[in-house]
Amino acid sequence: MKGIAPKLFAPIFLLVTLFAAVGCTEKGEISVQVYDVTDGVWLENKAYTHPFEVTDASKPLTINLVVRANKDYGYTNIYIKGTLTDTSGKEIKTDLKEIILNDIATGKPLGSGFGDINEVAASFAKGWQVPAAGKYNLVLKQYMREKRLSGLESVGVQILQP
């Protein structure tokens, strides 16, 4: 790719995929962010904290994730724990989700991608309710029982209030 640095292209591609995963119109989108995984290794104790603000607590939250993995990722899936907290750190809701990255029978990557990088978009949570309007954090951690989970490029987060 001449003229476009691969490091710059990858996050743009991830954002486009994240938007496409939930439709072209982003009705009710509160927040979207891509977090690069340092050196392609998501450490067991590394959490990605996604701050966002809710202006209408009567509407539930929908959370979507996009996981980008490269050819060095050694599993067909990834478990991600998401914890919703208020700004004081008080836990409001938590969940553990499995996201399938490769076909279990064939090992072929699911989702879309280019070269050795593949990305899978998945719904993480629907119907999560916050107690009041205000600022919140979504804290994401990998739960694969690996101190150093190799082969991951980035994790994208999109929060909606339809």
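Please refer to the structure higher up on the page.
Residues numbered from 1 in each chain as written. Predicted model: local features only at pLDDT ≥ 70, side-chain atom pairs only at ≥ 80, totals over all residues. Heavy atoms only, no water.

Caption draft 1: Examining the overall build of the chain more closely. Helix and strand content of the chain: 1 helix and 11 strands. For the chain, the sequential pattern of α-helices and β-strands runs α-β-β-β-β-β-β-β-β-β-β-β. Residue burial in the chain is summarised as follows: out of 162 residues, 41% are buried. Sequence separation of at least 24 residues holds for 75% of the intrachain contacts in the chain that already meet a minimum separation of 6. Carbon and sulfur atoms make up 53% of the accessible area of the chain, which totals about 8900 Å². (Helix = DSSP H or I, 4+ residues; strand = E, 2+ residues; numbered from the N terminus. Buried < 20%, exposed > 50% of the residue type's maximum accessible area, 1.4 Å probe, protein only. Contact = heavy atoms within 4.5 Å. Areas by Shrake-Rupley, 256 points an atom, 1.4 Å probe, with all protein chains shown as cover.)

Caption draft 2: View of the sheet that holds strand 5 (residues 77-86). Ordered in space as 3-9-5-6, the 4 strands form an open sheet in which the pairing is antiparallel. This sheet does not close on itself; its edge strands, each paired only once, are strand 3 (48-54) and strand 6 (91-100). Geometrically, the sheet is characterised by an average inter-axis angle of 20 degrees between neighbouring strands, direction not taken into account. One ladder, built from 7 bridges, connects strand 3 with strand 9 (residues 134-142); its direction is antiparallel. Along strand 9, the bridge assignment pairs Val-54 with Gly-134. (Pairing = 2+ DSSP bridges. Axes fitted to C-alpha atoms, helices over the stretch in contact; angles between N-to-C directions.)

Caption draft 3: Expanded view of the pattern of salt bridges. What the rule picks out here adds up to 4 salt bridges. A salt bridge links Lys-147 to Glu-44; the nearest nitrogen and oxygen atoms lie 3.6 Å apart. Within this pair, whereas Lys-147 is found in the loop between strand 9 and strand 10 (148-150), its partner Glu-44 is found in the loop between strand 2 (41-43) and strand 3, the two being separated by 103 residues in sequence. Residue Glu-44 is classed as partly exposed on the basis of its relative accessible area of 34%. Linking Asp-95 and Lys-97 is a salt bridge whose minimum nitrogen-to-oxygen distance equals 3.5 Å. Relative accessible area serves as the criterion here: at 26%, Asp-95 is assigned to the partly exposed category. A relative accessible area of 28% places Lys-97 in the partly exposed class. (Salt bridge = Lys/Arg side-chain N within 4 Å of Asp/Glu carboxyl O.)

Caption draft 4: A look at the side chain of Glu-119. Assignment of secondary structure puts Glu-119 in strand 8 (residues 117-128). Here the side chain of Glu-119 touches Arg-68 through a polar contact of 3.2 Å, side chain to side chain. (Polar contact = N/O pair within 3.5 Å; in protein donor to acceptor, adjacent residues only side chain to side chain.)

Caption draft 5: Structural context of the nonpolar core. Counting 33 residues, the largest nonpolar core has Trp-42, Ile-78, Ile-80, Ile-99 and Leu-152 as its most contacted members. If we ignore the near neighbours within four places in the chain, the residues touching Ile-80 are Trp-42, Leu-65, Val-67, Asp-95, Leu-96, Lys-97, Ile-99, Phe-124, Leu-140 and Lys-141. (Core = buried A, V, L, I, M, F, W, Y, C linked by side-chain atoms within 4.5 Å.)

Caption draft 6: Spotlight on the environment of Tyr-79. Among the structural elements, Tyr-79 can be located in strand 5. According to the relative accessible area criterion, Tyr-79 is partly exposed, its value standing at 29%. Separated by 20 residues in the primary sequence, Tyr-79 and Ile-99 have C-alpha atoms spaced 6.3 Å apart. Leave out the neighbours within four places in its chain, and Tyr-79 touches Leu-96, Lys-97, Glu-98, Lys-141, Gln-142, Tyr-143 and Met-144.

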